[in-house]
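# Per-entry structural report
The residues making up each chain are set out below.
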Amino acid sequence: MTGFSAEVESVVARLRDGMAGGVLSFPLTSFRDDGGLDLESYRAYLTAQLATAPGAVFPACGTGEFSALDEDEYRAVVEATVEIADGRMPVVAGIGYGWGQALRFARTAEEAGVDALLVLPHYLVEAPQDGLVEQLRRIAAGTRLPLIAYQRGPVAFTPEGLRRIAEIPTVIGLKDGHSDLDRLQRLTLAAPDGFLFFNGAATAEIQARAYATVGVPAYSSAVHAFAPEIANAFFAALRDGDDATVHKLLGDFYVPLAELRDRVPGYAVSLVKAAARLRGLPVGPVRAPLTDPGPADLAELEKILDHGLDLVGTVRRRPA
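Below is a summary of the structure that appears in this document. (Residues numbered from 1 in each chain as written. Predicted model: local features only at pLDDT ≥ 70, side-chain atom pairs only at ≥ 80, totals over all residues. Heavy atoms only, no water.)

## Thoughts on the overall build of the chain
Along its length, the chain carries 12 helices and 8 strands. Compactness check: the chain gives a C-alpha radius of gyration of 19 Å against a globular reference of 20 Å for 320 residues, within 12% of the reference. By its C-alpha atoms, the chain is 50 × 45 × 35 Å across when sized along the principal axes. Looking at the chain as a whole, 54% of its 320 residues qualify as buried. Considering only residue pairs separated by 6 or more positions, the chain has 72% of its internal contacts joining residues 24 or more positions apart. Working note: accessible area of the chain is about 13200 Å², and carbon and sulfur atoms make up 53% of it. (Helix = DSSP H or I, 4+ residues; strand = E, 2+ residues; numbered from the N terminus. Rg over C-alpha atoms; globule rule 2.2 N^0.38 Å. Buried < 20%, exposed > 50% of the residue type's maximum accessible area, 1.4 Å probe, protein only. Contact = heavy atoms within 4.5 Å. Areas by Shrake-Rupley, 256 points an atom, 1.4 Å probe, with all protein chains shown as cover.)

## Some words on the sheet that holds strand β2 (residues 56-57)
With parallel pairing, the 3 strands of this open sheet are ordered in space as β2-β1-β8. Only two strands of the sheet have a single partner each, and these edge strands are β2 and β8 (220-221). As defined by bridge partners, strand β1 (residues 24-25) adjoins β8 across 2 bridges and the pair is classed as parallel. Within the sheet, the bridge partner assigned to Leu24 lies in β8 and is Ser220. (Pairing = 2+ DSSP bridges.)

## Topic: the packing of helix α9 (residues 228-240) against helix α10 (residues 243-261)
One can describe the packing of α9 onto α10 by two numbers: an axis separation of 9 Å at closest approach and a directional angle of 145 degrees. For α9 against α10, the interelement crossing comes out left-handed. Across the interface between the two elements, Ile230, Ala231, Ala233, Phe234, Ala237 and Leu238 of α9 pack against Thr245, Val246, Leu249, Leu250, Phe253 and Tyr254 of α10. Considered class by class, the residues forming the contact of α9 with α10 number 11 nonpolar, 1 polar and no charged. (Axes fitted to C-alpha atoms, helices over the stretch in contact; angles between N-to-C directions. Left-handed = near helix turned anticlockwise from the far one by under 90°. Nonpolar A, V, L, I, M, F, W, Y, C, P; charged D, E, K, R; others polar.)

## Remarks on the pairing of strand β5 (residues 147-151)
With respect to burial, β5 is a largely interior element, 5 of its 5 residues being buried. Burial along β5 is two-sided: Leu147, Ala149 and Gln151 and Ile148 and Tyr150, pointing in opposite directions, are all buried. Alignment of strand β4 (residues 116-119) against β5, held across 3 bridges, turns out to be parallel. Within β5, the residue paired with Val119 across the bridge is Ala149. Between β4 and its parallel partner β5, the chain crosses via helix α5 (residues 129-142), and the hand of that crossover is right-handed. Relative to strand β6 (residues 171-176), β5 runs parallel, the two sharing 5 bridges. Within β6, the residue paired with Ala149 across the bridge is Leu174. Each parallel crossover has a hand, and for β5 linked through helix α6 (residues 159-166) to β6 it is right-handed. (Right-handed = clockwise from strand over helix to strand, strands pointing away.)

## A look at the environment of Phe58
Here Phe58 is to be found in the loop between β2 and α3 (71-85). Owing to a relative accessible area of 2%, Phe58 belongs among the buried residues under this scheme. Placed 56 residues apart in sequence, Phe58 and Val114 show a C-alpha to C-alpha distance of 9.7 Å.

## What to know about the pairing of β6
With respect to burial, β6 is a largely interior element, 6 of its 6 residues being buried. Here 4 bridges tie β6 to strand β7 (residues 196-199), and the two strands are oriented parallel to one another. In the strand pairing of β7, Leu174 is matched with Phe197.

## Remarks on a nonpolar patch on the surface
Residues Tyr123, Leu124 and Val125 make up a contiguous nonpolar surface patch of roughly 360 Å² in combined accessible area. Of note, Leu124 is situated in the loop between β4 and α5. For Leu124, a relative accessible area of 63% translates into the label exposed. (Patch = residues over 30% accessible without salt bridge, like charges linked within 9 Å, V, L, I, M, F, W, Y side chains within 5 Å. Salt bridge = Lys/Arg side-chain N within 4 Å of Asp/Glu carboxyl O.)

## Some words on the sheet that holds strand β3 (residues 92-95)
Taken in spatial order, the 5 strands of this open sheet run β3-β4-β5-β6-β7, and their pairing is parallel. Since the sheet does not close on itself, it has two edges, and those belong to β3 and β7, each with one partner. Direction aside, neighbouring strands of the sheet carry axes that sit 25 degrees apart on average. Contacting β3, β4, β5, β6 and β7, helix α1 (residues 6-21) runs over the sheet at an angle of about 40 degrees to β7. With respect to the sheet, α5 is in contact with β3, β4 and β5, its orientation differing from that of β5 by roughly 155 degrees.

## A closer look at unusual backbone geometry
Cis rather than trans, the peptide bond between Ala288 and Pro289 has omega equal to 15 degrees. Checked against the element boundaries, Pro289 lands in the loop between α11 (267-278) and α12 (295-311). Of note in this structure, Ala60 is not a glycine but carries a positive phi near 55 degrees. With respect to the element layout, Ala60 can be found in the loop between β2 and α3.

## Digging into the pattern of salt bridges
Tallied over the full model, the rule gives 21 salt bridges. With a shortest N-O distance of 2.9 Å, Arg43 and Glu83 are connected by a salt bridge. Of this pair, Arg43 sits in helix α2 (residues 39-50) while Glu83 is found in helix α3, placing the two residues 40 residues apart along the sequence. Here Glu65 and Lys273 are joined by a salt bridge, their closest N and O atoms 2.7 Å apart.

Put into structure tokens, the structure is as follows:
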């Protein structure tokens, strides 16, 4: 067993229950047209998102443009999320950069009352396993909150590295964005009982069945940020073994969306935000260095969105 403290084990249990019961929500952060944070719109958007009962909510992470937020904006977003969630589901806030800066965000999140932290990949440099482990040790030494490591980009753990981070008393899980199932299977086998794993692939639903075969059924859903009806229908079909619905949603919605996403760097976030705006959700534009999609891609996105909603019996309400 992992030997978590009672406090940490309580968070693990809540996350495990949430993962089994719904998709993991990674909400967008609302900005005004002039680029400023629009907290009032974020609160309205998040209230609607959480009404669809995700398994957990992860504010100020990749989809929420963590790297574009200053510390005051981060505090406002995380505090609003904790208030609106009101204990109904776990709140896991993103932190990142080097360990010193990550701890500044961690302390803010701790003061706001979040349940756990997602440690986003560090900035720029390549690092050996010793450095990746030490990064988490340093963060863990500065906050009481449970930590979920996120391997993506320059962060990739070996089985031995995974064993070492799992020995840190507050490291409770790993989110994977590499989609290397051979490596991931080795990691799940190296992990102690009770250690959590999350599918963090881009458009994670496309790989959800494959991840589940190596023991990682829980996944984050960017689609939930703009079409929770589709995300929840897919989750239910996958859970219930409804292969026909899974196949239809994958082939007619998720794959076309992923093909459009792959055309332009940053579309993994900016397309999601554009789709939310198409639904009248008050999220505003992306911040540079991301760019919003042009007219042709936006028109194609609208067709994909409308068809996906039609597949689950929802008619899109056009913005006023």
